[in-house]
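Letter by letter, the chains look like this.
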Amino acid sequence: MTAEPITLSDLRPGHPEATDAAAPGHNCQCDHDDAETIVLDGRTIPHAVRHAAIFGALEAIRLGFALDLIAPHDPLPLIAQLEKSRPGAFAVSYLERGPEAWQVRFTRVS
């Protein structure tokens, strides 16, 4: 495996003089997809860190984009915790309601 060269700069992404200014959004060459909706299967995350991992993922969602969470139960406690910590930041809608899995869409609105 050959490593690609790394160029360091004091300029923040989006600065007019930054090398990636012409390419909006993420520009890392990692073959990711910048889909407007990301699916996260919370059932695969260990219970001890599940909420923290989901909150971390939600923080990464840009305005107008969404995260579809697949959960092993109705995530009402998580939704309440999110609304308490980030009131009005996400619109929440159910895509599927059990019994095996719940799928909830969190859309960043502010």
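This write-up is about the structure you can find in this document. Predicted model, so just to flag it, every value in this text is computed and none were measured.

About the cut-offs
- Residues numbered from 1 in each chain as written.
- Predicted model: local features only at pLDDT ≥ 70, side-chain atom pairs only at ≥ 80, totals over all residues.
- Heavy atoms only, no water.
- Buried < 20%, exposed > 50% of the residue type's maximum accessible area, 1.4 Å probe, protein only.
- Helix = DSSP H or I, 4+ residues; strand = E, 2+ residues; numbered from the N terminus.
- Arc of directions from axis to C-beta.
- Contact = heavy atoms within 4.5 Å.
- Pairing = 2+ DSSP bridges.
- Axes fitted to C-alpha atoms, helices over the stretch in contact; angles between N-to-C directions.
- Right-handed = clockwise from strand over helix to strand, strands pointing away.
- Phe/Tyr/Trp six-rings, centres within 6.5 Å; stacked < 30°, edge-to-face > 60°.
- Lys NZ or Arg CZ within 6 Å of the ring centre and 35° of its normal.
- Salt bridge = Lys/Arg side-chain N within 4 Å of Asp/Glu carboxyl O.

Comments concerning helix α2 (residues 76-85)
Buried residues of α2: L78, I79 and L82, and no others. One side of α2 carries all its buried residues, which in axial view fall inside an arc of 100°. Tucked into the core, α2 has its buried residues touching α1 (50-59), β2 (66-71), β3 (90-97) and β4 (102-108).

Some remarks on the sheet that holds strand β1 (residues 37-41)
One open sheet accounts for four strands, arranged β1-β2-β4-β3; its pairing is mixed. The strands lining the two open edges of the sheet, one partner per strand, are β1 and β3. If you compare each strand with its neighbour and ignore which way they point, the axes differ by 20° on average. By the bridge criterion, seven bridges tie β3 to β4 in an arrangement that is antiparallel. For E96, the partnering residue across the bridge sits in β4 and is Q103.

Side note on the pairing of β2
For β2, the buried fraction is high: six of the six residues fall into the buried class. The alternating pattern of β2 places A66, D68 and I70 and L67, L69 and A71 on opposite faces, both of which are buried. Pairing of β1 with β2 involves five bridges; the strand directions are parallel. Residue pairing in the sheet places T37 in a bridge with A66 of β2. In this region the chain leaves β1, passes through α1 and returns to the parallel neighbour β2; the handedness of that crossover is right-handed.

Some words on the packing of aromatic side chains
Any pair of aromatic rings gets described here by the distance separating the centres and the angle formed by the planes. Using the criterion set out here, one finds zero aromatic pairs in the structure. In this arrangement the basic side chain of R62 is found over the ring face of F65, its NZ or CZ atom lying 4.4 Å from the centre. Over the ring of Y94 we find R97, and its NZ or CZ is 3.7 Å from the ring centre.

A few points about the side chain of Q103
In this structure, Q103 sits in strand β4. For Q103, a relative accessible area of 18% gives the class buried. Sequence-distant contacts of Q103, that is, excluding residues within four places in its chain, are made with D68, L69, I70, S93, Y94, L95 and E96.

Some thoughts on the pattern of salt bridges
For the structure on display, the rule yields three salt bridges. Residue E59 pairs with R86 through a salt bridge whose shortest N-O separation is 2.7 Å. With E59 in helix α1 and R86 in the loop between α2 and β3, the pair connects residues that are 27 residues apart, well separated along the chain. Close ionic contact of R105 with D68 constitutes a salt bridge, the shortest N to O distance being 2.6 Å. Here D68 lies in strand β2 and R105 lies in strand β4, a separation of 37 residues in the sequence.

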